[in-house]
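# Results of the structural survey
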Amino acid sequence: DGLALTANAFFAYASVFQSHWCRAANRGLGWPESGPEAIIGNAADPASFRPRPARAPGPRIRAIATSWSSNPNKGFDDYAWLDANLDSRRFEMTFVGNAPIRFTNIRALPPLDSAGLAAELAAHDVFVTASRKDPCSNSLVEALTVGLPAVALITRSKAGNWSSSGRASSSV
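So, a few notes on the structure that sits alongside this text. Treat the numbers as computed from the prediction; the structure is a model and nothing was measured.

## Looking at helix α3 (residues 76–85)
Buried within α3 we find Phe76, Asp78, Tyr79, Leu82 and Asp83. The arc that holds the buried residues of α3, viewed along the axis, is 155 degrees, so those residues lie on one side. Packing partners of the buried residues in α3 comprise β3 (61–67), β4 (91–97) and β6 (126–129).

So this is what it looks like as structure tokens:
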């Protein structure tokens, strides 16, 4: 946080925040009101991402995770754990995006365009995210926009961002 403050003070002419909440949280961390600022909201494209129609539940809960980035902070160690431990009698899981690992039990799809991703999200029951230090994840915003509930393994960092924190202690 201190490095970001220093870099912004030294290099930036203006600051851009993705929400009023993020600006307020940064103020709480000591981010000064200096120079021009803008809030550019992070929202899913409404042409593709819209609330899904209601549908009957299937025999298993359909979970989905997505990530354009293959950065380890996107929670791939947690997805690998889910791949090895998820109870396939109760759950089926899909991952869409760029994964740096090969899944055995999770269905893996390559990155999709917005319309394809929206359709894939709408075909599932719950969104799973294990991303670390991701204050306004595009994938989470897209999943919530289609109406999926979101599940995460979380802790609260000092910056107020949600991040993955560990493993479930019982079978998943």
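Right, picking up where we left off after that structure.
## Points about the pairing of β6
Neither face of β6 is exposed, since Val126 and Val128 on one face and Phe127 and Thr129 on the opposite face are all buried. Pairing geometry for β3 and β6, over two bridges, is parallel. Of the residues in β6, the one forming a bridge with Ala63 is Val126. Where β6 and strand β7 (residues 150–152) come together, three bridges link them in parallel fashion. Note on β7: the bridge partner recorded for Val128 is Val151.

## A few points about the pattern of salt bridges
Throughout the structure, instances matching the rule amount to ten salt bridges. Counted as one network, the salt bridges with shared partners bring together Arg23, Arg27, Glu33 and Glu37.

## Examining the side chain of Thr94
Mapped onto the fold, Thr94 is located in strand β4. What makes Thr94 buried here is its relative accessible area of 3%. Here the side chain of Thr94 touches His124 through a polar contact of 3.0 Å, side chain to side chain.

## A closer look at the packing of aromatic side chains
Where two aromatic rings form a pair, the distance of their centres and the angle of their planes describe that pair. Scanning all chains against the criterion turns up six aromatic pairs. Geometrically, the ring pair formed by Phe17 and Trp31 is edge-to-face, given 5.8 Å between the ring centres and 75 degrees between the ring planes. Linking Phe17 in strand β1 (residues 15–17) with Trp31 in the loop between α2 (20–28) and β2 (37–39), this pair joins segments that are 14 residues apart in sequence. Phe17 gets classed as buried once you look at its relative accessible area, which sits at 4%. Taken together, Phe76, Tyr79, Phe95 and Phe103 form an aromatic cluster joined through their ring pairs.

Basis of the calculations
- Residues numbered from 1 in each chain as written.
- Predicted model: local features only at pLDDT ≥ 70, side-chain atom pairs only at ≥ 80, totals over all residues.
- Heavy atoms only, no water.
- Buried < 20%, exposed > 50% of the residue type's maximum accessible area, 1.4 Å probe, protein only.
- Helix = DSSP H or I, 4+ residues; strand = E, 2+ residues; numbered from the N terminus.
- Arc of directions from axis to C-beta.
- Contact = heavy atoms within 4.5 Å.
- Pairing = 2+ DSSP bridges.
- Salt bridge = Lys/Arg side-chain N within 4 Å of Asp/Glu carboxyl O.
- Polar contact = N/O pair within 3.5 Å; in protein donor to acceptor, adjacent residues only side chain to side chain.
- Phe/Tyr/Trp six-rings, centres within 6.5 Å; stacked < 30°, edge-to-face > 60°.

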